[in-house]
Amino acid sequence: MPTADLVLAGAKVRTLDPDRPYATSVAVRDGLIAAVGDETDVRDWCGPGTEVVQLDGAHLVPGLVDAHSHPVWGLDLATGTDLSGVTDLAGLRAALADAARTDGWVTGFGLDHNAFEGRPVDRELIEDVLDGAPAFLRLYDGHSALATGPALTAAGVHGPRDFAQRSEVVCDASGRPTGHLVEHAAMALVAEVAPRPSYAARRARLVELLSAMAATGLTGAHVMDAGDPELIGSVAQETVLPVRLRFAPWCMPGADRTALDELVAVQGRGGRHWRTGGVKFFMDGTVEGGTAWLEHADCHGQGTDAFWPDPEAYAAAVRRLHAAHVRTATHAIGDAAVRHVLDVVEALGPGGRGAHRIEHIETVPDELLPRFARLGVAASMQPPHTAYTRADGTDEWSRRLGAGRAGRAWRLRDLRDAGAVVALGSDWPIAHYDARAVLATARTPRGAASARAGLTGLQALEGCTSHAALAAGESDTAGRIAPGLRADLTALGLDPVTAPPDELTEAPVRLTVTGGHVVYRGT
């Protein structure tokens, strides 16, 4: 019989395979799982070239997957000074006064809306500490930024602009741009003239980032953008990508038949450990930015518009892609956005079941919960986002929504109890990529979601394994430890199902295996 490339022995294996839920050993050959059982079951797979790893009681589970991440696009977002630790305006001003400059610019990322302490986002709050330097600061949500006057001038922005999608150059009553740029098209005006890391720097950072992700136990990520195929392809040819990447390029408002045909044409393209599979839409923006599509305006009188100015055009695009057997993922945070996506999928008929998913789902009413399971729409959610809110409702997210809608925050458990597929992710760089934190926070949501029950330990693990596979249409090849499935495996020093959440965040990662390759070894 053939021999294995890799045998993992002496483990406590939780397979998530109902035919054999537990085991102690796994054999791997040609990137696939060859055998699962005890040591006698894998003994005959060992040969002279087999690497045998004794896991000494470590807990082996299917490879952990981040179901929503931006590891390539995020390299540009996470550029400059890290502002994620800033909590108030004084701290922001101090950080900017000491910030390094690149080509004369100050760039930053990860800035929390709450740092403005309820004030409108305005460049006047920071310009005096920058000595005239242009600055471009991305807020943590990835959907808004703050640019100073010199940065706006460099981009030729002197007043409001019209866009094909819901975006805004925010201006005051006199028409002066405040520097607050809301949504992608508005931010792109300044991003295109701001300093950007070189190709070599981005390449080095990508390899470093993916290796760091693997060190937390991650073996895969659903990438919710097109990434950079040239960059990814180059790296994948020279080395083994430690994290398997599945890309879903964006479809934006205004996409015509040619654009949709191009999205269809790129499906399946890729290389070792990366491929394009699916298309990403935006139905709305963010609560904090006032661009979440809500059934009733937020407490600032905003949030009543969809990201697609013509929501029916979104529906037509989904129908065309669905007819071409292309899976879709739609960013929908507000209740009106979620309802519209569900309506569109329902109109596809029975063939739409299991082929589409919704990302984020931060606030939804009771009547929408059972529709996810009934329509076979996967809920892709990011538990670490709850940390940007506060249990007392004093954060920007909660204040904008009001107590009633904030009380429906991140209904992870309610969706699972309603029978939905719930896949879990981080949305890096919006939140940290550490897979252990995703698992732990799913069990103990924070802030506005802390009053409701989180997922069980098993449900959380499924969210990063078997349910992530279901959301990607990969349940026949991934998400469990069973013969014939991909050899993506994670070994932890603690049981991710039974360990207390606060201990799980620090659980030692003993081994990460992607496609049969050992991509991380713990000490």
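As a reminder, the structure under discussion sits directly above these lines.
The model shown is predicted, which means the values in this text are computed figures rather than measured ones.

### Some points on the overall build of the protein chain
Thinking step 1. Check the secondary structure of the protein chain and you find 18 helices and 26 strands.
Thinking step 2. Scaling as 2.2 N^0.38, a compact globule of 523 residues should have a C-alpha radius of gyration of about 24 Å, and the protein chain matches this with 23 Å.
Thinking step 3. Each of the 523 residues in the protein chain was classed as buried or not, and the buried ones make up 60%.
Thinking step 4. A separation threshold of at least 6 residues defines the contact pool for the protein chain, and within that pool the share at least 24 residues apart is 73%.
Thinking step 5. By element, 50% of the accessible surface of the protein chain is carried by carbon and sulfur atoms, the whole surface being about 19400 Å².

### A word on the side chain of Arg 411
Thinking step 1. Note on placement: Arg 411 falls in the loop between helix H13 (403-406) and helix H14 (412-417).
Thinking step 2. Here Asp 366 takes part through its side chain, which lies 2.7 Å from a polar atom of the side chain of Arg 411.

### Section: the side chain of Thr 386
Thinking step 1. Following the sequence through the fold, Thr 386 ends up in the loop between strand S22 (378-381) and helix H12 (396-401).
Thinking step 2. Residues within four places of Thr 386 in sequence aside, it is in contact with Trp 410, Thr 441, Pro 445, Arg 446, Gly 447 and Ala 449.

### What to know about the pattern of salt bridges
For side chains bearing opposite charge, pairing can occur when the charged atoms are close.
Thinking step 1. Tallied over the entire structure, the rule returns 37 salt bridges.
Thinking step 2. The salt bridge partner of Asp 488 is Arg 244, with a shortest N-O separation of 2.9 Å. With Asp 488 in the loop between helix H17 (466-471) and strand S24 (489-492) and Arg 244 in strand S16 (residues 244-247), this residue pair connects regions lying 244 residues apart in the sequence. Taken individually, Asp 488 and Arg 244 each receive the classification buried, so the pair is uniform in this respect.
Thinking step 3. With its nearest N and O atoms 3.2 Å apart, the salt bridge here joins Glu 474 to Arg 486. Placement of the pair is Glu 474 in the loop between H17 and S24 and Arg 486 in the loop between H17 and S24, with a sequence separation of 12 residues.
Thinking step 4. Taking relative accessible area as the criterion, Glu 474 reaches 12% and is therefore assigned buried.
Thinking step 5. Taken together, the salt bridges that share partners define one network made up of Arg 244, Arg 246, Glu 474, Arg 486 and Asp 488.

### Quick notes on the packing of helix H9 (residues 311-323) against helix H10 (residues 335-347)
Thinking step 1. One way to put it is that H9 packs onto H10 with a least axis distance of 10 Å and a crossing angle of 40°. Looking at the two axes, H9 sits oblique to H10. Handedness of the crossing formed by H9 with H10: right-handed. Here Pro 311, Tyr 314, Ala 315 and Val 318 of H9 come into contact with H10, specifically with His 340, Val 341 and Val 344.

### Quick word on the sheet that holds strand S20 (residues 328-332)
Thinking step 1. Read across the sheet, 5 strands follow the order S19-S20-S21-S22-S23 without closing on themselves; strand pairing throughout is parallel. Of all the strands in the sheet, the pair left with one neighbour each is strand S19 (279-282) and strand S23 (422-424). Recorded for the sheet is a direction-independent mean angle of 25° between the axes of neighbouring strands.
Thinking step 2. One ladder, built from 4 bridges, connects S19 with S20; its direction is parallel.

### Concerning the pairing of strand S1 (residues 6-9)
Thinking step 1. The side-chain alternation of S1 yields two buried faces, one formed by Leu 6 and Leu 8 and the other by Val 7 and Ala 9.
Thinking step 2. One ladder, built from 3 bridges, connects S1 with strand S4 (residues 25-29); its direction is antiparallel. Bridging across to S4, Leu 6 finds its partner in Val 28.

### Some points on H9
Thinking step 1. Under the 1.5 Å per step criterion, the end-to-end length of H9 is 19 Å for 13 residues, consistent within 8% with the ideal 18 Å.
Thinking step 2. All of the buried residues in H9 are Tyr 314, Ala 315, Ala 317, Val 318, Leu 321 and His 322. For H9, the buried positions fall inside an angular range of 160° around the axis, keeping them on one side.
Thinking step 3. Where H9 is buried, its residues touch helix H8 (257-265), S19, S20, H10 and strand S21 (356-360).
Thinking step 4. Trailing H9 by a residue or two, His 325 shows a phi angle of about 65°, which is positive.

Reading guide: rules and limits
- Residues numbered from 1 in each chain as written.
- Predicted model: local features only at pLDDT ≥ 70, side-chain atom pairs only at ≥ 80, totals over all residues.
- Heavy atoms only, no water.
- Helix = DSSP H or I, 4+ residues; strand = E, 2+ residues; numbered from the N terminus.
- Rg over C-alpha atoms; globule rule 2.2 N^0.38 Å.
- Buried < 20%, exposed > 50% of the residue type's maximum accessible area, 1.4 Å probe, protein only.
- Contact = heavy atoms within 4.5 Å.
- Areas by Shrake-Rupley, 256 points an atom, 1.4 Å probe, with all protein chains shown as cover.
- Polar contact = N/O pair within 3.5 Å; in protein donor to acceptor, adjacent residues only side chain to side chain.
- Salt bridge = Lys/Arg side-chain N within 4 Å of Asp/Glu carboxyl O.
- Axes fitted to C-alpha atoms, helices over the stretch in contact; angles between N-to-C directions.
- Parallel < 35°, antiparallel > 145°, perpendicular 65-115°, else oblique.
- Left-handed = near helix turned anticlockwise from the far one by under 90°.
- Pairing = 2+ DSSP bridges.
- Expected span 1.5 Å × (residues − 1).
- Arc of directions from axis to C-beta.

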